[in-house]
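Observations on the three-dimensional arrangement
Spelled out from the first residue to the last, the chains are:
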Amino acid sequence: NEDKKDTDNKAKRTVKVQFNNVKKGQTLTIKSEQGTSVYNSEIKNAGKYSKTFDISYLQDGIYTAELNKDFEIIVKTFYVKNGLVTFLKNEHEKVFKPVIRNNKNLLYISKLDFSKDALKVTIYYNGHVIHSEMVEGEDHLNRVYRLSENEVGDYKVVINSDNRTFVKDITI
(Lines give C-alpha, C1' and ligand atoms only; values in the text may rest on other atoms or scores of the structure.)
Protein backbone atom coordinates (compact mmCIF):
# COMPACT_ATOMS: atom_id res chain seq x y z
CA ASN A 1 0.00 0.00 0.00
CA GLU A 2 1.48 3.33 -1.09
CA ASP A 3 -0.74 5.49 1.07
CA LYS A 4 0.40 7.46 4.03
CA LYS A 5 -1.14 6.34 7.25
CA ASP A 6 -2.05 8.56 10.15
CA THR A 7 -2.97 6.24 12.95
CA ASP A 8 -4.95 8.78 14.95
CA ASN A 9 -7.02 11.70 13.68
CA LYS A 10 -7.17 13.36 17.11
CA ALA A 11 -5.42 16.70 17.47
CA LYS A 12 -1.90 16.46 18.87
CA ARG A 13 1.41 18.34 18.86
CA THR A 14 3.32 15.71 16.90
CA VAL A 15 2.33 13.54 14.00
CA LYS A 16 3.82 10.29 12.76
CA VAL A 17 3.94 10.01 8.98
CA GLN A 18 4.33 6.56 7.44
CA PHE A 19 4.61 5.33 3.89
CA ASN A 20 5.04 1.82 2.56
CA ASN A 21 7.06 0.99 -0.55
CA VAL A 22 9.05 4.21 -0.85
CA LYS A 23 12.11 4.42 -3.08
CA LYS A 24 15.41 6.09 -2.47
CA GLY A 25 15.36 9.57 -4.00
CA GLN A 26 11.64 10.24 -3.60
CA THR A 27 10.87 13.37 -1.58
CA LEU A 28 8.57 14.24 1.29
CA THR A 29 7.48 17.87 1.44
CA ILE A 30 5.22 19.69 3.86
CA LYS A 31 3.64 22.81 2.37
CA SER A 32 1.49 25.62 3.67
CA GLU A 33 -1.82 26.52 2.06
CA GLN A 34 0.05 29.26 0.17
CA GLY A 35 2.44 26.66 -1.33
CA THR A 36 5.43 27.58 0.83
CA SER A 37 7.59 24.57 1.68
CA VAL A 38 8.10 24.24 5.45
CA TYR A 39 9.84 20.85 5.27
CA ASN A 40 11.56 19.00 2.45
CA SER A 41 13.57 15.78 2.68
CA GLU A 42 14.81 13.17 0.26
CA ILE A 43 14.02 9.54 1.11
CA LYS A 44 17.34 7.84 1.90
CA ASN A 45 16.30 4.17 1.98
CA ALA A 46 13.83 2.05 0.05
CA GLY A 47 11.05 0.19 1.89
CA LYS A 48 9.02 1.63 4.76
CA TYR A 49 9.35 5.28 5.77
CA SER A 50 8.32 6.56 9.18
CA LYS A 51 9.05 9.90 10.82
CA THR A 52 7.54 11.79 13.71
CA PHE A 53 7.21 15.54 13.21
CA ASP A 54 6.71 18.24 15.83
CA ILE A 55 4.51 20.56 13.83
CA SER A 56 3.23 22.59 16.79
CA TYR A 57 5.42 25.56 15.79
CA LEU A 58 3.50 26.08 12.55
CA GLN A 59 1.01 28.92 12.25
CA ASP A 60 -2.67 28.07 12.26
CA GLY A 61 -3.80 26.96 8.82
CA ILE A 62 -4.14 24.15 6.32
CA TYR A 63 -1.05 22.20 5.21
CA THR A 64 -0.26 19.25 2.97
CA ALA A 65 2.24 16.43 3.36
CA GLU A 66 3.28 15.29 -0.12
CA LEU A 67 5.22 12.21 -1.15
CA ASN A 68 6.69 12.98 -4.57
CA LYS A 69 7.06 9.68 -6.44
CA ASP A 70 8.10 8.79 -9.98
CA PHE A 71 4.70 9.20 -11.65
CA GLU A 72 2.45 10.53 -8.90
CA ILE A 73 2.29 12.74 -5.84
CA ILE A 74 0.42 11.43 -2.81
CA VAL A 75 -1.10 14.33 -0.87
CA LYS A 76 -2.51 14.22 2.66
CA THR A 77 -4.14 17.36 4.07
CA PHE A 78 -4.04 18.43 7.72
CA TYR A 79 -4.64 21.55 9.71
CA VAL A 80 -2.87 23.21 12.61
CA LYS A 81 -4.78 25.16 15.23
CA ASN A 82 -3.25 26.47 18.44
CA GLY A 83 -0.22 24.23 17.96
CA LEU A 84 -2.28 21.06 17.52
CA VAL A 85 -2.26 18.99 14.33
CA THR A 86 -5.27 17.15 12.93
CA PHE A 87 -5.31 15.16 9.68
CA LEU A 88 -8.51 15.68 7.73
CA LYS A 89 -10.37 12.45 7.15
CA ASN A 90 -10.83 11.49 3.51
CA GLU A 91 -8.55 14.33 2.43
CA HIS A 92 -6.19 12.03 0.58
CA GLU A 93 -5.40 12.73 -3.02
CA LYS A 94 -3.19 11.39 -5.79
CA VAL A 95 -1.90 13.77 -8.41
CA PHE A 96 -0.64 12.01 -11.49
CA LYS A 97 2.42 13.61 -13.05
CA PRO A 98 2.65 14.04 -16.80
CA VAL A 99 4.98 11.72 -18.68
CA ILE A 100 7.03 13.67 -21.21
CA ARG A 101 9.49 11.98 -23.55
CA ASN A 102 10.87 12.42 -26.99
CA ASN A 103 12.18 10.24 -29.79
CA LYS A 104 14.14 12.34 -32.24
CA ASN A 105 11.76 15.13 -33.28
CA LEU A 106 8.58 13.54 -31.85
CA LEU A 107 7.44 14.76 -28.44
CA TYR A 108 5.07 12.48 -26.49
CA ILE A 109 3.01 13.79 -23.58
CA SER A 110 0.56 11.77 -21.51
CA LYS A 111 -1.17 12.45 -18.22
CA LEU A 112 -4.00 10.90 -16.21
CA ASP A 113 -6.44 13.37 -14.69
CA PHE A 114 -9.61 11.77 -13.36
CA SER A 115 -10.89 15.15 -12.14
CA LYS A 116 -10.88 16.29 -15.79
CA ASP A 117 -9.54 19.72 -14.79
CA ALA A 118 -8.14 22.03 -17.44
CA LEU A 119 -4.55 21.40 -18.39
CA LYS A 120 -2.27 23.82 -20.19
CA VAL A 121 0.60 22.61 -22.39
CA THR A 122 3.25 25.13 -23.49
CA ILE A 123 6.28 24.22 -25.60
CA TYR A 124 9.27 26.55 -25.83
CA TYR A 125 12.15 26.49 -28.30
CA ASN A 126 15.23 28.47 -27.26
CA GLY A 127 13.12 30.48 -24.81
CA HIS A 128 10.27 31.33 -27.22
CA VAL A 129 6.75 29.85 -27.13
CA ILE A 130 6.20 27.74 -30.23
CA HIS A 131 2.97 26.05 -29.14
CA SER A 132 0.41 26.52 -26.38
CA GLU A 133 -2.94 24.83 -25.86
CA MET A 134 -5.55 24.35 -23.16
CA VAL A 135 -6.98 20.84 -22.87
CA GLU A 136 -10.24 20.41 -20.95
CA GLY A 137 -12.61 17.60 -20.07
CA GLU A 138 -10.30 14.66 -20.76
CA ASP A 139 -9.36 12.11 -18.13
CA HIS A 140 -6.34 10.97 -20.12
CA LEU A 141 -4.19 13.33 -22.12
CA ASN A 142 -2.31 11.65 -24.93
CA ARG A 143 -0.56 13.96 -27.37
CA VAL A 144 2.21 13.62 -29.93
CA TYR A 145 3.86 16.77 -31.24
CA ARG A 146 6.13 16.83 -34.27
CA LEU A 147 9.00 19.22 -33.73
CA SER A 148 10.85 20.62 -36.73
CA GLU A 149 13.81 18.46 -37.74
CA ASN A 150 15.55 21.67 -38.76
CA GLU A 151 15.15 23.29 -35.34
CA VAL A 152 17.75 21.38 -33.35
CA GLY A 153 18.41 22.68 -29.86
CA ASP A 154 16.83 23.10 -26.47
CA TYR A 155 13.11 22.73 -25.89
CA LYS A 156 11.16 23.18 -22.69
CA VAL A 157 7.75 21.64 -22.04
CA VAL A 158 5.65 23.27 -19.31
CA ILE A 159 2.42 21.66 -18.16
CA ASN A 160 0.10 23.46 -15.73
CA SER A 161 -2.36 21.13 -14.05
CA ASP A 162 -3.78 20.47 -10.57
CA ASN A 163 -2.52 23.90 -9.39
CA ARG A 164 1.01 22.71 -10.15
CA THR A 165 3.63 23.32 -12.80
CA PHE A 166 5.60 20.45 -14.33
CA VAL A 167 8.66 21.28 -16.44
CA LYS A 168 10.79 19.07 -18.66
CA ASP A 169 13.82 20.21 -20.66
CA ILE A 170 14.72 18.23 -23.77
CA THR A 171 17.30 18.57 -26.52
CA ILE A 172 16.96 17.31 -30.08
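The structure presented is a predicted model; accordingly, all values stated were derived computationally and were not measured.

Focus: the overall build of the protein
Along the backbone of the protein there are zero helices and 14 strands. Helices (α) and strands (β) of the protein occur, in sequence order from the N terminus, as β-β-β-β-β-β-β-β-β-β-β-β-β-β. Seen through its C-alpha atoms, the protein measures out along the principal axes to roughly 60 × 30 × 25 Å. Looking at the protein as a whole, 38% of its 172 residues are labelled buried. Excluding contacts between residues fewer than 6 apart, the proportion of contacts in the protein whose partners are at least 24 apart in sequence is 50%. Of the accessible surface of the protein, which amounts to about 10,200 Å², a share of 44% is contributed by carbon and sulfur atoms. In the protein, which carries 28 positive and 24 negative side-chain charges, the distance between the mean positions of the two groups comes to 7 Å.

Brief notes about the pairing of strand β3 (residues 37-42)
Direction of pairing for strand β2 (residues 27-32) relative to β3: antiparallel, over a ladder of five bridges. From the neighbouring strand, Thr 27 faces β3, where its bridge partner is Glu 42. The turn joining β2 and β3, which pair antiparallel and follow one another in sequence, is formed by four residues; a positive phi near 90° is taken by Gly 35.

Here we look at the sheet that holds strand β9 (residues 106-112)
Spatial strand order, β8-β9-β12: three strands in an open sheet with antiparallel pairing. Two strands lie at the open edges of the sheet, namely β8 (99-103) and β12 (140-146), each paired on one side alone. In this sheet, adjacent strand axes meet at a mean angle of 15° when their direction is disregarded. The sheet contact formed by β8 and β9 spans five bridges and is antiparallel. Across the sheet, the residue bridging to Arg 101 is Tyr 108, located in β9.

Some details on the sheet that holds strand β14 (residues 164-171)
Pairing in this open sheet of four strands is antiparallel, and the strands run β11-β10-β13-β14 from one edge to the other. In this open sheet, the two strands that pair with only one neighbour each are β11 (128-135) and β14. Between one strand axis and the next, the sheet turns through 15° on average, direction left out of account. Two elements, strand β13 (residues 154-161) and β14, share eight bridges in a ladder whose sense is antiparallel. Along β14, the bridge assignment pairs Val 158 with Val 167.

Details of the environment of Lys 24
Checked against the element boundaries, Lys 24 lands in the loop between β1 (14-22) and β2. The contacts of Lys 24, once residues within four sequence positions are left out, are Ile 43, Lys 44, Asn 45 and Ala 46.

Topic: the confidence of the model for the protein
With 92% of its residues at a pLDDT of 70 or more, the protein shows a mean pLDDT of 87. Note on residues 1-8: pLDDT under 50 across the span, and 22 contacts to partners over four residues away in sequence or across chains.

Conventions used here
Residues numbered from 1 in each chain as written. Predicted model: local features only at pLDDT ≥ 70, side-chain atom pairs only at ≥ 80, totals over all residues. Heavy atoms only, no water. Helix = DSSP H or I, 4+ residues; strand = E, 2+ residues; numbered from the N terminus. Buried < 20%, exposed > 50% of the residue type's maximum accessible area, 1.4 Å probe, protein only. Contact = heavy atoms within 4.5 Å. Areas by Shrake-Rupley, 256 points an atom, 1.4 Å probe, with all protein chains shown as cover. Lys, Arg positive; Asp, Glu negative; His and termini not counted. Charge placed at Lys NZ, Arg CZ, Asp CG, Glu CD. Pairing = 2+ DSSP bridges. Axes fitted to C-alpha atoms, helices over the stretch in contact; angles between N-to-C directions. pLDDT = per-residue confidence, 0-100.

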